[in-house]
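# Close look at the chain arrangement
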Amino acid sequence: MSDFSEEVTKPVSEDDQVETSVLTGTGMYFPWLQKHLETVVTGGKKKKDFAQTTSACLNFIQEALLKHQWQQAAEYMHSYLQILEDSDSYKRQAAPEVIWRLGSEILFYHPKSNVETFSAFADRMKNIGVLNYLKISLQHALYLLHHGLLEDANRNLSQAETWRYGEKSSSQEILINLVQAYKGLLQYYTWCKKKTELSKLDEDDYAYSTATQNMLSESWKTSVNICALIKTPGVWDPFVKSYVEMLEFCGDQDEARKILTNYAYDEKFPSNPNAHIYLYNFLKREKAPRAKLLNVLKILYQIVPSHKLMLEFHLLLRKSEKEEHRKLGLEVLFGVLDFAGCTKNITAWKYLAKYLRQLLMENHLVWVQEEWNSRKNWWPTFHFSYFWAKSDWKEDTDLACEKAFVAGILLGKGCRYFRYILKQDHQVLRKKIKRMKKSVKKYSIVNPRV
């Protein structure tokens, strides 16, 4: 590892040299290195202690990384490698992982780095500190995937999959499972390409039947690699999605449902919105009863009230005959529009405008007031200011009209947003604005008629 810098730097020309450069034994120039590393200055006192030098060097590397100064980071890295000879056994044992993490970051971004350089570095690091072998192999494979080298990545994972080192291997079982799962993900990628080819064949063709059998066989091989990992508590979204897709292809709906239900509801797994999204989409494909769909979306609402599926949740609640569901449907819409990222969601505003009118016609004024009372101190500025009226009208007149109707209902005809939109002379929207004016006059919750 003493020649790490040779992998990421080249000798500089005389024109590029500066007075503060120092020539190392490898024949390369390292600017600023002598000033920073041969003497560490603190409070006017010079310290040449080994630990002080390596500590300072690490700080310089971190600073260079933060500033994206990859060349400087590589130069400092050359000197930091002496940490492998530290007399402190704890630092010496921790050093390989530190070197790997810093080195891989430098090599990933360094302008003169390439796949061969990164792979050579990874192969060296795998032999320094056995506890890092699987981590390095996995990251190496991901790097190869990033560069489109699927076969090389698969070969790398296959080698890591068979790694054994006495008791150390058993203590890293989850890492071995992760390596196998990523190998399964590569197999899934191949499986997807075959699935696309299969969709182009005629179902009555003999080739279709043969291709289907091959797909089923590939599904089983891939599932074996992924299965062990997704039973371990964690967030395994891409693996779960891939596994479920193959189970559905094989017609094993029960197993797919079991996997998704466990992933969403098992308390050992961390809270994960995607787990409930996957389960909901699966149940929706199965055309499950509305009650099951509502149960899944209700939990998702508690976790991510601004998710786009909340609009589907609202529609399901609105169609329900239970009053508690229909009331929750209003709460869900207000909840979506509480978030800045949803302020331009015209669908949400359309649903709210329509639902407010429906509920007020059905004499559910109390429901509306209950939701509005907790928002009346901040929604007017957040949604219905004069600034937003001008901006919304300029960007999207339909959105502006829907918001103006809601503003009129909640704040009355005196609302600045409502008044601004009402004054606009728009030929296409003239009838819509006229109807909006009548509706607000009739249904506004400001001083409602008893």
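We now turn to the structure provided with this report. (Residues numbered from 1 in each chain as written. Predicted model: local features only at pLDDT ≥ 70, side-chain atom pairs only at ≥ 80, totals over all residues. Heavy atoms only, no water.)

Per the stated rule, a full pass over the model turns up 24 aromatic pairs. Ring geometry for tyrosine 188 and tryptophan 191: centres 5.9 Å apart, planes at 20°, overall stacked. Here tyrosine 188 pairs with tryptophan 191, and both are found in helix H10 (residues 173-199), just 3 residues apart, close to one helical turn. Summarising the aromatic geometry, the rings of tryptophan 236 and phenylalanine 239 are spaced 6.4 Å apart at their centres and angled 65° between planes, so their arrangement reads as edge-to-face. Accessibility assignment for this pair places tryptophan 236 and phenylalanine 239 in one class, buried. Within the aromatic cluster, the residues linked to one another by ring pairs are Phe334, Trp349, Trp372, Trp378, Trp379, Phe382, Phe384 and Tyr417. We note arginine 318 situated over the ring of tyrosine 351; from NZ or CZ to the ring centre the distance is 5.7 Å. (Phe/Tyr/Trp six-rings, centres within 6.5 Å; stacked < 30°, edge-to-face > 60°. Helix = DSSP H or I, 4+ residues; strand = E, 2+ residues; numbered from the N terminus. Buried < 20%, exposed > 50% of the residue type's maximum accessible area, 1.4 Å probe, protein only. Lys NZ or Arg CZ within 6 Å of the ring centre and 35° of its normal.)

Looking now at the side chain of asparagine 272. Following the sequence through the fold, asparagine 272 ends up in the loop between helix H13 (253-265) and helix H14 (273-285). Among the residues examined, asparagine 272 registers a relative accessible area of 8% and is labelled buried. Apart from the residues lying within four places of it in its own chain, the contact partners of asparagine 272 are Val235, Asp237 and Tyr263. (Contact = heavy atoms within 4.5 Å.)

Here the focus is the pattern of salt bridges. In the structure shown here, the tally under the stated rule is 18 salt bridges. Residue lysine 284 pairs with glutamate 312 through a salt bridge whose shortest N-O separation is 3.0 Å. With a gap of 28 residues between them, lysine 284 in helix H14 and glutamate 312 in helix H16 (residues 309-319) connect regions that are remote in the sequence. For lysine 284, a relative accessible area of 41% gives the class partly exposed. For the salt bridge of glutamate 370 with lysine 327, the shortest nitrogen-to-oxygen distance reads 3.3 Å. With glutamate 370 in helix H19 (residues 365-373) and lysine 327 in helix H17 (residues 323-336), this residue pair connects regions lying 43 residues apart in the sequence. Overall, glutamate 370 belongs to the partly exposed group, its relative accessible area being 42%. (Salt bridge = Lys/Arg side-chain N within 4 Å of Asp/Glu carboxyl O.)

It is worth spelling out helix H12 (residues 237-249) at this point. Here H12 is 13 residues long and its end C-alpha atoms lie 18 Å apart, about the 18 Å a rise of 1.5 Å per residue gives. For H12, the complete set of buried residues consists of Asp237, Phe239, Val240, Ser242, Tyr243, Val244, Met246 and Leu247. Positive phi shows up at glycine 251, right after H12, with a value of about 85°. (Expected span 1.5 Å × (residues − 1).)

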